[in-house]
Structures are given as structure tokens and as C-alpha cells.
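Inside the fold
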Amino acid sequence: ARQPKENPRWRSEAAVSLGMCAGEEALPVLLDLLDGTTPLEVKKACARALGRIPSEKALQAIQTRLGNPEIDPSLITALGLLGSKWGWDARGAENGVEIRKQCSNLLVSQISRVPELAEPIGKAIALVAWPESLDQIERMSDNPAARAILPLLRRTLER
């Protein structure tokens, strides 16, 4: 992931694998690459890799980097992965309650901030499947992006 002479695609794959395998120990490398002068493709992979690290530190890293149009879609994907209901169920659901709630709240807040990203936001919110997000998004009925997200979220929560 750190080798500038390597193909960016392989560096990207390495970054995602690092996040999946190394957990919090991967954060310094991923954040260094994400915040550095690496190719955009690698930065996006590092952003997505943060969602593979089930920790509050990864959530904080994602939250502080939201607002960069180039990597926002990858960070939104990372929030869905990090807050994934099924991921936390596999780890023991009680462990991730607070992280899932925070991921959901961050994703809901992105609907108004970047409505053009309604599709990835909707997919991420459906993956988190936090029941309270339905009420939050229903209250945003005047927002077309919110309306677009509701059908998928409803279907997911009905399962």
C-alpha cells in the first residue's frame, strides 16, 4: 500500500486488506496514505478500509474527514460497513450499539449535506439498519434525496 512504484490498483487492494486484517493497528498507515499525496484511487480505498476496522477510532477518523468531495462517497461507504448490523451481529450485537448509532446519525446528516450522494447514502443506511433512522429520514419528507432513500430502508428494516 505504501509503495509508490506499485500499481495504484494493487495498492488499493492492499489498503483494504490491511484494514480487514490488522484492525486498529492499520489506522496509522491508512490515515497517513489517506491524508498524504497518494493517488486518489488509493485514498478512496484507504477511506473504505476504515469501515473494516470495528472501533471508535475508525469512526472518529471517518467523521473528521467527511467534507472532501473526492473521498466523501468512499467515507459514506465506510460508515455503512462500520455500522453494518450484520457485521456487529456476528461480533456480538451489544458491542457495536453505540458505533452503529453514530454511523446512522452521521449518514442521516449527510442526506442534506450531499443530496447528490443519495444512492450510496441509502445503501449505507440500509446496511446499518438502525431502526431510528427511519423516523429521522421520514421527518425529512421535503428532501428529495431522503424520499429516494426511504423505500430501500423500509424494505431492509422489515426483514
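Up top you'll find the structure we're talking about.
The following refers to the structure shown. What you are looking at is a predicted structure, and each value in this text was computed from that prediction instead of being measured.

1. Side note on the environment of proline 73
Inspection of the secondary structure puts proline 73 in helix α5 (residues 72-83). Note on proline 73: relative accessible area 28%, which makes it partly exposed. Along the backbone, proline 73 and isoleucine 121 are 48 residues apart, and their C-alpha atoms lie at a distance of 8.2 Å.

2. Description of the nonpolar core
Leu30, Leu50, Leu79, Ile111, Ile121, Ile125 and Ile137 are the most contacted members of the largest nonpolar core, which has 50 residues in total. Once you skip the residues sitting within four places of it in the chain, isoleucine 111 turns out to touch Ile121, Ile125, Ile137, Met140, Asn143, Ala145, Ala146 and Ile149.

3. Describing the packing of aromatic side chains
Counted under the stated rule, the structure contains zero aromatic pairs. Of note, arginine 9 hangs over the ring of tryptophan 10, and the distance from its end group to the ring centre comes to 5.3 Å. Its end group placed over the ring of tryptophan 88, arginine 91 keeps NZ or CZ at 4.5 Å from the ring centre.

4. Side note on helix α1 (residues 8-22)
Helix length check: α1, at 15 residues, gives a terminal C-alpha distance of 20 Å against a target of 21 Å (1.5 Å per residue), a fit within 8%. The complete set of buried residues in α1 reads Arg11, Ser12, Ala15, Val16 and Gly19. Taken end-on, α1 shows its buried residues confined to a sector of 135°, consistent with a single buried face. Every exposed residue of α1 that faces more than 90 degrees away from the buried side is listed here: Trp10, Met20 and Cys21. Buried residues along α1 sit against α2 (27-35) and α3 (40-50). N-cap assignment for α1: the residue whose side-chain oxygen lies 2.7 Å from the backbone N of arginine 9 is asparagine 7. Note on α1: the residue one or two positions beyond its end, glycine 23, has a positive phi of about 60°.

5. Examining the pattern of salt bridges
As enumerated under the stated definition, the model contains six salt bridges in all. Of the charged contacts in the structure, one is a salt bridge between lysine 123 and glutamate 119, with a shortest N-O distance of 3.3 Å. Here glutamate 119 and lysine 123 lie together in helix α8 (residues 118-128), a separation of four residues that amounts to about one turn. Taken individually, lysine 123 and glutamate 119 each receive the classification exposed, so the pair is uniform in this respect. A salt bridge links arginine 154 to glutamate 138; its shortest N-O distance comes to 3.0 Å.

6. Some points on the side chain of serine 55
Relative to the helices and strands, serine 55 resides in the loop between α3 and α4 (56-65). A distance of 3.2 Å separates a polar atom in the side chain of serine 55 from the backbone nitrogen of alanine 58. When neighbours within four sequence positions are excluded, serine 55 is seen to be in contact with Glu24, Leu82 and Ile99.

Cut-offs applied
Residues numbered from 1 in each chain as written. Predicted model: local features only at pLDDT ≥ 70, side-chain atom pairs only at ≥ 80, totals over all residues. Heavy atoms only, no water. Helix = DSSP H or I, 4+ residues; strand = E, 2+ residues; numbered from the N terminus. Buried < 20%, exposed > 50% of the residue type's maximum accessible area, 1.4 Å probe, protein only. Core = buried A, V, L, I, M, F, W, Y, C linked by side-chain atoms within 4.5 Å. Contact = heavy atoms within 4.5 Å. Phe/Tyr/Trp six-rings, centres within 6.5 Å; stacked < 30°, edge-to-face > 60°. Lys NZ or Arg CZ within 6 Å of the ring centre and 35° of its normal. Expected span 1.5 Å × (residues − 1). Arc of directions from axis to C-beta. Polar contact = N/O pair within 3.5 Å; in protein donor to acceptor, adjacent residues only side chain to side chain. Salt bridge = Lys/Arg side-chain N within 4 Å of Asp/Glu carboxyl O.

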